[in-house]
Amino acid sequence: MTAPVVDTSPKVSDEIRKTTCYMCACRCGINVHLKDGKVAYIEGNRDHPVNKGVLCAKGSSGIMQVNAPSRLRAPLKRTGPRGSGEFEEISWDEALELATSWLEPVRKSAPEKLAFFTGRDQSQSFTSFWAQNFGTPNYAAHGGFCSVNMATAGIYTMGGAFWEFGQPDWDHTKLFMIFGVAEDHDSNPIKMGLGKLKARGGKVIGVNPIRSGYNAIADEWVGITPGTDGLFIASLIHVLLKAGKVDLSYLAQFTNASCLVNATPGSSDEGLLIRNDDGKPLVIDRTSGTLQPFDKQGVKPDLAAQVDMDGVTHKTVFQHLADRFLSDEHSPEAVSEQCGVRPGRIRAIAAELARVAFDEAFELDQPWTDFRGTRHEKMLGRPVSFHAMRGISAHSNGFQTCRALHVLQILLGTVEVPGGFRFKPPYPKPVEAHPTPHCHSKPDCPLDGPHLGFVRSPADLALKEDGTPARIDKAFTWENPLSAHGLMHMVISNAHAGDPYKIDTLFLYMANMAWNSSMNTRGVMDMLTDKDENGDYVIPRIIYSDAYSSEMVAYADLILPDTTYLERHDCISLLDRPICEADAAADAIRWPVIEPDRDVRGFQSVLVDLGSRLKLPGFVDDNGVALYEDYADYMVNHQRRPGIGPLAGFRGNGTQTGRGDVNPDQLQRYIDNGSFFVEHVPEEASYYKPWNAAYQDWAVGLGFYDAPQPYLFQLYAEPLRRFQLAAEGHGDRQPPDHLRQQIKDYLDPLPVWYPPIEDGAVDTEAYPVHALTQRPMAMYHSWGSQNAWLRQIHGRNPLYVPTKIWQENGFKDGDWARLTSVHGEITVPVAHMAGLNENTVWTWNAIGKRKGAWALDDDAPEATSGFLLNHLIHELLPPKGDGLRWSNSDPVTGQAAWFDLRVRIEKATAPAESQPAFGPLKSPVGKGPATVQQKVTS
């Protein structure tokens, strides 16, 4: 018998092109294998600083994004009513001429009537530059309904946060505690880090109502009640303070714990820090007993100081913080019932944090010099690290909860030390290193500065002369003063209501606002199609760009089809959302490793074209001649300031880093280097970044800032106190009376916990169950959930129900439930899950699809049994009876409070499909084949 001949080493590809993944926020390095010019498969790039060759299901399935039947094929102009999906294909010349004809009159007369908002596009430094030069104040991106609480709380507290800002010191940490972490963001670095941690015998504590993903492999899981994380953290702080288990030396040297605060009630400066004539906070030097600037060489700040000056008493921040958290209201016994965590367990977790931080402290033999000129012979390590994500951020108390977590880290002395949480360059940056928001627009002029930023006081709010909001989303107003990422979830409802004013054109990129990216999804679809008394659409024009036939496509008037990520240039810039690691600064590019087979263009290049057609400053020279041919040209030749461009690597003659002249061969140098650039942090600068003189000098050399900017971590956030003072009647700029109490209660300079605001707006006995969503590890945003490979992992999304509720309702496998909120109801399939908070139900996010979208069949499981919780959520809270409708968001930042949702659940007769059901959209790309396949031959 002849044995079969098996080719054990088949030819996989005839070329490998290295670029950057787009399938989540990791932005890993990938090797794209090509055969006959087609993508054969994708693997991780082992040389890349982010993933070091590791690639997840999302990254590997990028090939199916390129082959997706849902890809748009050409520019489209609406021919039927909005929402019908009826379009005609047009040429790019006609599409761009039409867009220009709509946008040019707006810019010349009232640029604020353009609302330009982008989704998870990963190029916000460029899109914001375009919007600023157009002159509209109405620009923001995805963060306002995703992560702004975490990011903003981190910036105001310590100059950075989780996600792109930093990571645990995976090589040294021994105890890793995570809060509200799903698996779709940063998954490869976290998985790699968890592998290192577990191999060393380290411990993971997961705090999350849902035990999935990382929480499923945690050594200890805390199934907390949603929205109470801040109360739980406050109790941990209470226990640590009572036990004296805080790092007093770290607090005195590196935080504002020693800074003196006016503690005299009624003073117009009550709650503000004492500063010298240079604006520097003052401390009492323990050696001399005198007031000194915090950064004076040789000063040793006193944590327990108290000073009486001109009849005014000043106490240190640390004393104020101790008074707050030592209160009995924060004891484990006081918070246990609300949190759903036993008092003994709270104490045990606090004891474990203290034991590892202090009893297992260690030193690295690495000298360094701090910003006061003091030389340290060693670096002290505290091997406790934290990570948190949207689970604690997407609540109406999320800002203060995130602040509390950052303060907990700082009290233990575990930020920017060996074994703790480490910042990724170009972070950390103090609030003062960031711009303030700008909103003053004039016809035919650029905006007066960047749209987004960090306010320091009421003077920085985005208000018109009459005190009304300058932005359509009402960002940076008294309603939500610190809204650093804007409020994308409020744009359509405000524009529809004409509050604060009407707009002419809504311009969206990769923002699926007609489906999973909106609260009140049915209402938003109605707003997009609503007409006024004259029969005209209330929102007159909608331009949309996407690579795929999403639900939003049907509601636009003009479609500008984007490429997929393997068919265009992109810039992962240090000016934007960097891919750095704690030990290195890094940036990267994408480039067209394949050419599109459709009449599509990269959206960023389309914006370059529109910028030149509209004669926008920054896009044309003084003679009106275009400055850039396309986005690739912009990436190389644009300079944000002299010597600083979108890309930090290979500048000048190809050897300059960070700062340097334009290098015409820069993109090729990136391609030759695997499409990334990396510059490692010097050993002496590897820890203590905010205070380390070597790091500060290195950062200046790379252009992160122009001069060293050492600063103190802000346990006490003075900008918030300035808003409280205004609400108390001090200062020239005053809030409206109906917002004074809200500002006093929620903009506290020390972390404070309050129940989720929806809890006070609904009858919690009638709606006793919490309802949440999470993204699975195999999905990211909605474009991943139409991927032919990934759909085989998550093609359905049942409502997961805990044992108690499952048994109370007599549920069995295959049953359906009716879920009702104060805003609406849905009927959906259920499944039992034991690892779940007993009063919480949840489902995977963005799996459910509308019929006709994404080129899926009408009977696809995503369109029949798949569903969204969004139908139960509203952008406004229920009426309080005060004549006002309050935003369903955090009152500090305006972040959408997705996870405050309260529902009741009951068994229901199984319908033919999930409810509510909507009629199918007419697809501009038709339906996909029954089988998506590709055979690449040699």
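Scroll up to find the structure.
It should be emphasised that the depicted structure is a prediction, and the values quoted were computed from it without experimental measurement.

(A) Molecular detail of unusual backbone geometry. The peptide bond linking Pro 425 to Pro 426 adopts the cis configuration, its omega dihedral lying at 10°. Along the chain, Pro 426 turns up in the loop between strand S22 (421-423) and helix H14 (491-497). Along the chain, Asp 499 connects to Pro 500 via a cis peptide bond; the corresponding omega equals 15°. Among the structural elements, Pro 500 can be located in the loop between H14 and strand S23 (505-509). You will see that Lys 615, though not glycine, has its phi angle at about 60°, which is positive.

(B) Looking closely at the pairing of S23. Counting buried positions along S23 gives five out of five residues, so the element sits mostly inside the fold. Of the two faces of S23, the one holding Thr 505, Phe 507 and Tyr 509 and the one holding Leu 506 and Leu 508 are both buried throughout. Summarising the sheet, strand S6 (residues 114-118) and S23 pair through five bridges and their orientation is parallel. For Leu 114, the partnering residue across the bridge sits in S23 and is Thr 505.

(C) Seen up close, the packing of helix H7 (residues 229-243) against helix H13 (residues 398-411). It is the contact of H7 with H13, at a shortest axis distance of 8 Å, that shows an interaxial angle of 25°. It follows from the interaxial angle that H7 and H13 lie roughly parallel. Here H7 and H13 pass one another in a crossing that is left-handed. In this structure, H7 uses Asp 229, Gly 230, Ile 233, Leu 236, Ile 237 and Leu 240 to contact H13, whose residues at the interface are Thr 401, Ala 404, Leu 405, Val 407, Leu 408 and Leu 411. For the contact of H7 with H13, a count of residues per class yields nine nonpolar, two polar and one charged.

(D) Seen up close, the packing of helix H20 (residues 718-727) against helix H21 (residues 737-746). The contact between H20 and H21 brings their axes to 8 Å, and the two run at 145°. In this structure, H20 meets H21 at a crossing whose hand is left-handed. Residues Phe 723, Gln 724, Ala 726 and Ala 727 of H20 touch H21, and the partners they reach there are Arg 740, Ile 743 and Lys 744.

(E) Summary view of the nonpolar core. Ranked by internal contacts, the top residues of the largest apolar core, which has 169 residues, are Trp 130, Leu 506, Phe 507, Leu 528, Leu 566, Val 841 and Ile 905. The contacts of Trp 130, once residues within four sequence positions are left out, are Leu 103, Leu 114, Phe 116, Phe 507, Leu 607, Leu 610, Gly 611, Leu 614, Leu 616 and Phe 619. Counting residues in each nonpolar core, the second largest holds 127 residues, with Trp 163, Leu 303, Ala 404 and Leu 405 among its members.

(F) Layout of the sheet that holds strand S27 (residues 584-590). Read from one edge of the open sheet, three strands run S26-S27-S28, paired in antiparallel fashion. Each having just a single partner strand, strand S26 (570-572) and strand S28 (676-680) make up the two edges of the open sheet. Averaged over all neighbouring strand pairs, the angle between strand axes comes to 5°, with direction disregarded. Here three bridges tie S26 to S27, and the two strands are oriented antiparallel to one another. Note on S27: the bridge partner recorded for Ile 572 is Ala 588.

The rules behind these values
- Residues numbered from 1 in each chain as written.
- Predicted model: local features only at pLDDT ≥ 70, side-chain atom pairs only at ≥ 80, totals over all residues.
- Heavy atoms only, no water.
- Helix = DSSP H or I, 4+ residues; strand = E, 2+ residues; numbered from the N terminus.
- Buried < 20%, exposed > 50% of the residue type's maximum accessible area, 1.4 Å probe, protein only.
- Pairing = 2+ DSSP bridges.
- Axes fitted to C-alpha atoms, helices over the stretch in contact; angles between N-to-C directions.
- Parallel < 35°, antiparallel > 145°, perpendicular 65-115°, else oblique.
- Left-handed = near helix turned anticlockwise from the far one by under 90°.
- Contact = heavy atoms within 4.5 Å.
- Nonpolar A, V, L, I, M, F, W, Y, C, P; charged D, E, K, R; others polar.
- Core = buried A, V, L, I, M, F, W, Y, C linked by side-chain atoms within 4.5 Å.

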